[in-house]
Amino acid sequence: MTSIEELVADLRPIKRVKPQRGAALVIAAVSSTVVGVWMTAGLRTDIMAGAPHPIVMLRGGMLLLLGFATLSAVLASAQPRVGRSSNGWRWALAAALLFPLTAAYLSIIDGSIPEADLHAHNGPWCLKISCGSALLIGGTLTAWLRTGAPTAINRSAWLVGLAAGSFGAFAYSLHCPSTTITYIGIWYTAALALCAVLGRLIVPPLIRW
């Protein structure tokens, strides 16, 4: 029979996973993307003047709320515990869905989707900059997550993509010239959905035990 001493002979202590470090790394990555948007595209004039448009404040606040809620769930997933629940991100996502739902309702009332929002020339830039920023943020978060022990691999992957997408979209929102609900409902929703799908496809092989 194998003794306990023989079973543990090759075990080595490892550093404890610190969620604070993961959060700090992500915040640093988000800050980098914000500076990048500022230096390459510029910030909105109302933000620079210290008097942002109400829609800009709502849009940015919702993206940050969703980003931090999903980030919290990802950080918790690195240290799975029995009975521990991190479902606050579901409520944040439900609140964020008010934007596309409101946009859909307004389009139904008007009888069509506003062409200016549907074919906005800066719409593709919303996707490119948001997703590009999300790659940096998501990569940073994934690298940290690899030091933990996530058990719900697919769920964590979705959340990494959603968190990275939310923060990436926030970085772009500081430049975005649009202030319409329909634009937010179309392009920002598309950016978040795309980042979530990319997270689900890319992240699992990188964090699987």
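Scroll up to find the structure.
Predicted model, so just to flag it, every value in this text is computed and none were measured. (Residues numbered from 1 in each chain as written. Predicted model: local features only at pLDDT ≥ 70, side-chain atom pairs only at ≥ 80, totals over all residues. Heavy atoms only, no water.)

**Some thoughts on the packing of aromatic side chains**
This is how the line gets drawn: Two aromatic rings from Phe, Tyr or Trp, using only the six-membered ring of Trp, form a pair when their centres are within 6.5 Å; if the ring planes differ by under 30 degrees the pair is stacked, by over 60 it is edge-to-face, and anything between is tilted. Put simply, DSSP marks the helices as runs of H or I at least four residues long and the strands as runs of E at least two long, and each gets a number from the N terminus on. Relative accessibility under 20% of the residue-type maximum defines a buried residue, over 50% an exposed one, and the middle range a partly exposed one, all with a 1.4 Å probe and only protein chains included.
As enumerated under the stated definition, the model contains three aromatic pairs in all. With a centroid separation of 6.3 Å and 45° between ring planes, the pair formed by Y172 and Y188 is classed as tilted. Pair noted here: Y172 is in helix α9 (residues 153-173) and Y188 is in helix α10 (residues 181-207), with a separation of 16 residues, a long-range link. You'll find Y172 and Y188 in the same group, each marked buried. Ring centres 6.1 Å apart and planes at 70° place the aromatic pair Y183 and Y188 in the edge-to-face group. For the pair Y183 and Y188, a shared accessibility class is recorded, and that class is buried. Ring pairing ties together the aromatic residues Y172, Y183 and Y188, which thus form one cluster.

**Some points on the environment of G132**
You can see G132 is positioned in helix α8 (residues 123-145). G132 sits 36 residues away from G168 along the chain, and the two C-alpha atoms are 7.4 Å apart.

**Observations regarding the packing of helix α4 (residues 54-77) against α9**
Here is the rule we go by: To obtain an axis, a line is fitted to C-alpha atoms, over the contacting stretch when the element is a helix, and the angle between two such axes runs from 0 to 180 degrees between their N-to-C directions. An angle counts as roughly parallel when it lies under 35 degrees, as roughly antiparallel when it exceeds 145, as roughly perpendicular when it falls between 65 and 115, and as oblique in every other case. Note on convention: near helix rotated counterclockwise from far helix by under a right angle means a left-handed crossing. Clockwise means right-handed. In this analysis, two residues are considered to be in contact whenever any of their non-hydrogen atoms come within 4.5 Å of each other. Amino acids outside the nonpolar list (Ala, Val, Leu, Ile, Met, Phe, Trp, Tyr, Cys, Pro) and the charged list (Asp, Glu, Lys, Arg) are all regarded as polar, and Gly is one of them.
In the contact formed by α4 and α9, the axes pass within 8 Å of each other and the chain directions differ by 150°. The orientation of α4 with respect to α9, classified from their angle, is roughly antiparallel. As α4 runs across α9, the sense of the crossing is left-handed. On α9, the residues that touch R59, G60, L63, L64, L66, G67, F68, T70, L71, A73, V74 and S77 of α4 are R155, S156, L159, V160, L162, A163, S166, F167, A169, F170 and S173. For the contact of α4 with α9, the class distribution of residues is 14 nonpolar, seven polar and two charged.

**Things to note about the layout of surface pockets**
For clarity, the cut-off: Here a cavity denotes grid points, spaced 1 Å and computed from the protein atoms alone, that fit a 1.4 Å probe unable to get out, and a pocket denotes an open set having protein on both sides within 12 Å along at least 5 of 7 lines; residues with an atom within 4 Å of a point are the lining. Grid points are joined across faces, edges and corners, and a volume is the space filled by probe spheres set on the points.
Each pocket or cavity is described by its volume, and for the largest pocket that value is around 330 Å³. Lining the largest pocket are 20 residues; nearest its centre among them are L66, L93, A96, L162 and L192. Sorting the residues of the lining of the largest pocket by element identifies α4, α5 (88-96), α6 (98-110), α9 and α10 as the ones contributing at least two each. With six residues, the top contributor of residues to the lining of the largest pocket is α10. Grouping the amino acids of the lining of the largest pocket by side-chain chemistry returns 17 nonpolar, one polar and two charged.

**Concerning α9**
Note the following rule: Helix span, as expected, comes to 1.5 Å for every residue beyond the first.
Taking 1.5 Å of rise per residue, the 21 residues of α9 would be expected to cover 30 Å, and the 30 Å separating its terminal C-alpha atoms lies within 8% of that figure. Within α9, 18 of the 21 residues are buried, leaving the element largely enclosed by the surrounding structure.

**A closer look at the pattern of salt bridges**
The test is simple: For this analysis, a salt bridge means a side-chain nitrogen from Lys or Arg found within 4 Å of a carboxyl oxygen belonging to Asp or Glu.
Scanning the entire structure with this criterion turns up one salt bridge. In this structure, D46 engages R44 in a salt bridge whose closest nitrogen and oxygen atoms are separated by 2.9 Å. The same class applies to D46 and to R44, which are both buried.

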